[in-house]
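Spelled out, the chains give:
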Amino acid sequence: MSGKAQTIEKVREFTDEKYKYGFVTDIETESAPKGLSEDIVRFISAKKDEPEWLLESRLKAYRHWLTMPDPEWQKPNFPPIDYQDSYYYSAPKSVGDGPQSLDEVDPEILKTYEKLGIPLFEQERLSGIPIAVDAVFDSVSVATTFKAKLEESGVIFCPISEAIQRCPELVKKYMGSVVPYTDNKHACLNSAVFTDGSFVYIPKGVKCPMELSTYFRINAENTGQFERTLIIAEEGSYVSYLEGCTAPMRDENQLHAAIVELITMDDAEIKYSTVQNWYPGDAEGKGGIYNFVTKRGLCKGKNSKISWTQVETGSAITWKYPSCILQGDNSVGEFYSIAITNNYQQADTGTKMIHLGKNTTSRIISKGISAGKSDQMYRGLVRMGPKAVGARNYTQCDSLLVGDQCGAHTVPYIETKNKSAVVEHEATTSKINEEQLFYLRQRGIPTEKAIALVVNGFCREVLQQLPMEFAVEAQKLVEISLEGSVG
Amino acid sequence: MLEIKNLHATVSGKEILKGINLTVNAGEVHAIMGPNGSGKSTLSYVISGKDGYEVTEGQILYNGIDLTEMEPEIRAAEGVFLAFQYPVEIPGVPNVTFLKEAVNAVRRHRGEDELDAMQFVKMIKAKTEELGIAKDMLKRAVNVGFSGGEKKRNEILQMAVLNPKLAVLDETDSGLDIDALKIVSDGVNQLRSDERAILVITHYQRLLDHIVPDFVHVLAHGRIQRSGGKELAFELEEKGYAEYGVAAE
């Protein structure tokens, strides 16, 4: 057996172990009955003790959803989803009527987050800046750290279910204002059955004193997670927010359909980073999360900025296009993306930059790495509206192929209704360079590690956009995601 | 240290090496000289195990172990180093990251503890100072935007850091002006030791003014045609490779 074959064999042996977040937490849960109906929507709303207007809005979305066909324009192939074969609400029993203080959280859940490396305790990190965490476990938020400290500066960071009770006007005003329930089928479903997620409000002139993050964990079997995140940055404010996602290894596909809405007023900035590591399925393509997410930011005010950075390594299927509507004059939208697919994973991802205001600018840097038998699509829309005088976009889209059984595709859509707008698009597709690999191997670096190094170098421009601590994590993730890709 | 016996090798089905015999002991510096197309670079790739260079007959014994079936990274970890004629650019990977990966991969192979960030920085700092290499070279992406001289110096730095037992220098003088040649040669000379064997592959004698070999071999038509002391290099410089059936270029 050649060394290369040995490596592959070795990797196979460890395939089931390589997704180290694949464990299940054994706790008692309370679930809604299986399936989807108006009663389930009412059940969820009642669980959260929601006001009447929200129940009405959920029901409206649900009724509309029933009329919508499944989207068919995307590249990934998968059998039709049986929406009745899933649970739409599942919560650890110990959570009772809502999130508690940290010392009341079930020790099993605390242990889970410890195992995942998420600090659910309010401790200054060695690196200096503390990170506030909202932990969402299946359908509920189980803990939020540093809430009190953040509130000293007027920042609200809490589960959205809590925000609905505490500041209903804000939620009512902004939820659905960027992603209406009619937007697409998955967003519509989310609008009907969303359970939890994070709410962030940064008041005028405040620079959020710490990084905020939400950690999504799907634990229960056959359960969909439908989270909803809403971030509002008032005039002149700034916040950096990060989300992470993992799930146990299971043979069935599980649905995750989220909505994230961001709003920036004049001179405000939101930096939103994602490290998505949902269970990708096994080496034969069995199981894994369907990650169907609608993320959109509205640069409402002038000179405001929204920056999306995503590292997408998990999920059986990824379908997401974090977008910016550049409404305010001089507003800026950015999209930095790394998507890695291996084995049978499929990803259809990209962004939309909708330029409405004058002198708006957007920048898209997308790095796609396909390995194994995976298939990847970059899909990006740049639209220059009639009033977007002097608007500019720059798009760079690079694909790297590892092996000869994977695919990479690039579909840019460019629409311009303004003669003064400038749109630039650059795209490359290349195979991983054998000379580079030999050079690294000649220095003692094993093939898989060598591939990871080359790929990390290929993605560097995007990795640098991540908050430092997460950049280190993301680099490791790049390496893990490519295991078994040689052959 | 290195014992090559009746080595035949093909590239894309074409036989390039046609029965090489060569013995190199620890502490010795051997020069392989030959015209273009004689198989010099092929020999260096066959020793280091590049894909596509197939050994069809013979053996490459390294401390008594046959290398021919070994993966390149294992050969490297066992102490075989190739200084590339054309060092490869790796965009986005800082030189220091690459060196740390390499050092720790080799240490893991040897069953030694990996160096942590602090230990590594200390070690690399000492090495760059010894070799007179500017520190900014560590921060830049591997060989990207390096001048010819910087690339070759980077090869020597890697050699110093990895501390190989057998170093093969493939056309290290190519693309260097006389000053750069001197700096690179000084680096190599610093790394000469009783425990290390060095194989210098070159077209021209001028490199051997700086790195003085113990033995010189003439490679032509895939075979070693003649072996001798360092004076053989001067003779070649004067007479060319014509007597080995190779027309002057």
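Residues numbered from 1 in each chain as written. Chains lettered and ligands numbered in written order. Predicted model: local features only at pLDDT ≥ 70, side-chain atom pairs only at ≥ 80, totals over all residues.

**Regarding the overall build of chain B**
We apply this condition: Counting from the N terminus, the helices are the DSSP runs of H or I reaching at least four residues and the strands are the DSSP runs of E reaching at least two. Taken over C-alpha atoms, the radius of gyration is set against a globule rule of 2.2 Å times the number of residues to the power 0.38. Partly exposed residues are those whose C-beta has more than 12 but fewer than 20 other C-beta atoms within 10 Å; with 20 or more the residue is buried, with 12 or fewer it is exposed, and the C-beta atoms are placed from the backbone.
Across its full length, chain B holds nine helices and twelve strands. A compact globule built from 249 residues would reach a C-alpha radius of gyration of about 18 Å, and chain B, at 18 Å, matches this within 12%. Considering only C-alpha atoms, chain B reaches an extent of 55 × 40 × 35 Å along its principal axes. By the burial criterion, 44% of the 249 residues in chain B qualify as buried.

**A short note on the overall build of chain A**
Assigned secondary structure in chain A consists of twelve helices and 23 strands. Relative to a compact globule of 487 residues, whose C-alpha radius of gyration would be 23 Å, chain A shows 22 Å and is just as compact. Summarising its shape, the C-alpha atoms of chain A cover approximately 65 × 60 × 50 Å along the three principal directions. Relative to its full complement of 487 residues, chain A shows a buried share of 56%.

**Points about the domain arrangement of chain A**
Residue and element names in this part refer to chain A. Counted only if it meets this: Throughout the structure description, domain borders are defined by an automatic or database domain assignment. By the convention adopted here, residues are in contact when the distance between their C-beta atoms, placed from the backbone, does not exceed 7 Å. In this classification, the charged set is Asp, Glu, Lys and Arg, the nonpolar set is Ala, Val, Leu, Ile, Met, Phe, Trp, Tyr, Cys and Pro, and all remaining amino acids, among them Gly, are polar.
Per the domain assignment, the segments making up chain A are domain 1 (24-228 + 246-268 + 275-299) and domain 2 (321-487). Here the C-alpha centroids of domain 1 and domain 2 sit 26 Å apart. Of the residues lining the interface, 17 residues belong to domain 1; the matching set on domain 2 comes to 24 residues. Here the side of domain 1 that touches domain 2 is composed, by residue class, of six nonpolar, six polar and five charged.

**Observations concerning the interface of chain A and chain B**
Taken residue by residue, the interface counts 19 residues in chain A and 25 residues in chain B. Elements supplying a minimum of two residues to the side of chain A that touches chain B: helix H9 (434-442) and helix H10 (447-458) of chain A. Take the side of chain A that touches chain B: its biggest share by element is seven residues, from H9(A). Taken together, the residues that form the side of chain A that touches chain B break down as seven nonpolar, six polar and six charged.

**Focus: the sheet that holds strand E17 (residues 332-341) of chain A**
All names here are of chain A. Keep this limit in mind: Think of it this way: DSSP has to see at least two bridges between two strands before they count as a pair. Simply put, an axis is a line fit to the C-alpha atoms, just over the touching stretch for a helix, and the angle between two N-to-C directions goes from 0 to 180 degrees.
One open sheet accounts for ten strands, arranged E4-E3-E7-E9-E12-E14-E17-E19-E21-E23; its pairing is mixed. Whereas interior strands pair on both sides, the edge strands pair on one side only; in this sheet they are strand E4 (140-144) and strand E23 (422-431). Direction aside, the axes of adjacent strands within the sheet are offset by 10 degrees on average. Where strand E19 (residues 361-370) and strand E21 (residues 392-401) come together, ten bridges link them in parallel fashion. Among the inter-strand pairings, Ile369 is bridged to a residue of E21, identified as Leu400.

**Describing helix H3 (residues 95-109) of chain B**
Residues and elements named next belong to chain B. Just so we agree on the cut-off: Helix span is expected to be 1.5 Å times the residue number reduced by one.
For H3, spanning 15 residues, the distance from its first C-alpha to its last is 21 Å, which sits close to the expected 21 Å at 1.5 Å a residue. Of all the positions in H3, only Asn95, Phe98, Leu99, Lys100, Glu101, Ala102, Val103, Ala105 and Val106 are classed as buried. A positive backbone phi angle near 75 degrees is found at Gly111, which sits one or two residues after H3.

**Structural notes on the nonpolar core**
Going by this rule: Under the definition applied here, buried Ala, Val, Leu, Ile, Met, Phe, Trp, Tyr and Cys residues are grouped into a nonpolar core through C-beta atoms within 7 Å.
Grouped together as the largest cluster of nonpolar side chains are 204 residues, with contacts concentrated most on A:Val455, B:Phe81 and B:Val168. The greatest single-element share of this core, amounting to seven residues, is contributed by H10(A). Shared between two domains, this core holds at least three residues of each, these being domain 1 (24-228 + 246-268 + 275-299) and domain 2 (321-487) of chain A. Not counting residues within four places of it along the chain, the set of residues in contact with B:Val168 comprises B:Ser44, B:Ile47, B:Ser48, B:Phe81, B:Leu82, B:Ala83, B:Leu199 and B:Ile201.

**Describing the packing of helix H2 (residues 38-47) of chain A against helix H3 (residues 52-66) of chain A**
Residue and element names in this part refer to chain A. Put simply, the test is: Any angle between 65 and 115 degrees counts as roughly perpendicular, while under 35 counts as roughly parallel, over 145 as roughly antiparallel, and the rest as oblique. The sense of a crossing depends on the near helix, which, turned anticlockwise from the far helix by less than a right angle, makes the crossing left-handed and, turned clockwise, makes it right-handed.
The N-to-C vectors of H2 and H3 enclose an angle of 150 degrees; their axes lie 10 Å apart at closest approach. The angle between the axes of H2 and H3 places the two elements in the roughly antiparallel class. For the pair H2 and H3, the crossing hand works out as right-handed. The residues of H3 that touch H2, namely those facing Glu38, Val41, Arg42 and Ser45, are Leu54, Leu55, Arg58, Leu59 and Tyr62. Residues of the contact of H2 with H3, tallied by class, amount to five nonpolar, one polar and three charged.

**With respect to unusual backbone geometry**
Phi at A:Ser315 is positive, roughly 75 degrees, even though this residue is not glycine. Here A:Ser315 is to be found in the loop between strand E14 (305-312) and strand E15 (317-320). Residue class for A:Ser315 comes out buried when judged on the 30 C-beta atoms lying within 10 Å of it. Non-glycine residue B:Asn163 carries a positive phi angle of around 55 degrees.

**Side note on the environment of A:Leu242**
Residues and elements named next belong to chain A. Tracing the backbone shows Leu242 in strand E9 (residues 238-246). Judged by local crowding, Leu242 falls into the buried class, with 21 C-beta atoms found within 10 Å. Taking the C-alpha atoms as reference points, Leu242 and Leu466, 224 residues apart in sequence, are found 9.0 Å from one another. When residues no more than four places from it in sequence are discounted, the contact partners of Leu242 are Glu211, Ser213, Ser273, Pro467 and Phe470.

**Quick look at the pairing of strand E7 (residues 211-217) of chain A**
Residues and elements named next belong to chain A. E7 sits mainly inside the fold: seven of its seven residues count as buried. Taking every second residue as pointing to the same face, both faces of E7 are buried, with Glu211, Ser213, Tyr215 and Arg217 on one and Leu212, Thr214 and Phe216 on the other. Note that E7 and E9 share six bridges and pair parallel. Counterpart to Tyr215 in the pairing with E9 is Gly244.

**As for the sheet that holds strand E3 (residues 29-33) of chain B**
By definition, the strands of a sheet pair up through backbone hydrogen bonds, in either a parallel or an antiparallel sense. Residue and element names in this part refer to chain B. Pairing is mixed across the open sheet formed by six strands, whose spatial order is E6-E9-E10-E3-E11-E12. Two strands bound the open sheet, and with one partner strand each, they are strand E6 (80-83) and strand E12 (223-228). Averaged over neighbouring strand pairs, the angle between their axes works out to 20 degrees when direction is ignored. Inspection of the sheet shows strand E9 (residues 166-170) paired to strand E10 (residues 197-202) by five bridges, in the parallel sense. From the neighbouring strand, Asp170 faces E10, where its bridge partner is Ile201.

**Here we look at the environment of A:Thr309**
All names here are of chain A. Tracing the backbone through its elements, the reader meets Thr309 in strand E14. Spatially, the C-alpha atom of Thr309 lies 34 Å from that of Glu104, the residues being 205 residues apart in sequence. Residues within four places of Thr309 in sequence aside, it is in contact with Ser273, Tyr336, Val462, Gln465 and Leu466.

**What to know about the confidence of the model for chain B**
Caution applies to low-pLDDT regions: their predicted coordinates should not be interpreted in detail. Stated precisely, the cut-off is as follows: The score called pLDDT rates the predictor's confidence residue by residue, from a low of 0 to a high of 100.
On average, chain B scores 93 in pLDDT, and the residues at 70 or more come to 98%. With a pTM of 0.86, the predicted complex shows an ipTM of 0.96.

**What about H9(A)?**
Residues that lie three or four places apart on an α-helix share one face, since the helix turns once every 3.6 residues. Counting buried positions along H9(A) gives seven out of nine residues, so the element sits mostly inside the fold. Burial in H9(A) covers these residues: A:Gln436, A:Leu437, A:Phe438, A:Tyr439, A:Leu440, A:Arg441 and A:Gln442. Contacts made by the buried residues of H9(A) are with H10 of chain A together with helix H1 (40-48), helix H2 (72-77), E6 and strand E7 (90-94) of chain B. Phi turns positive one or two residues past the end of H9(A), at A:Gly444, with a value near 95 degrees.

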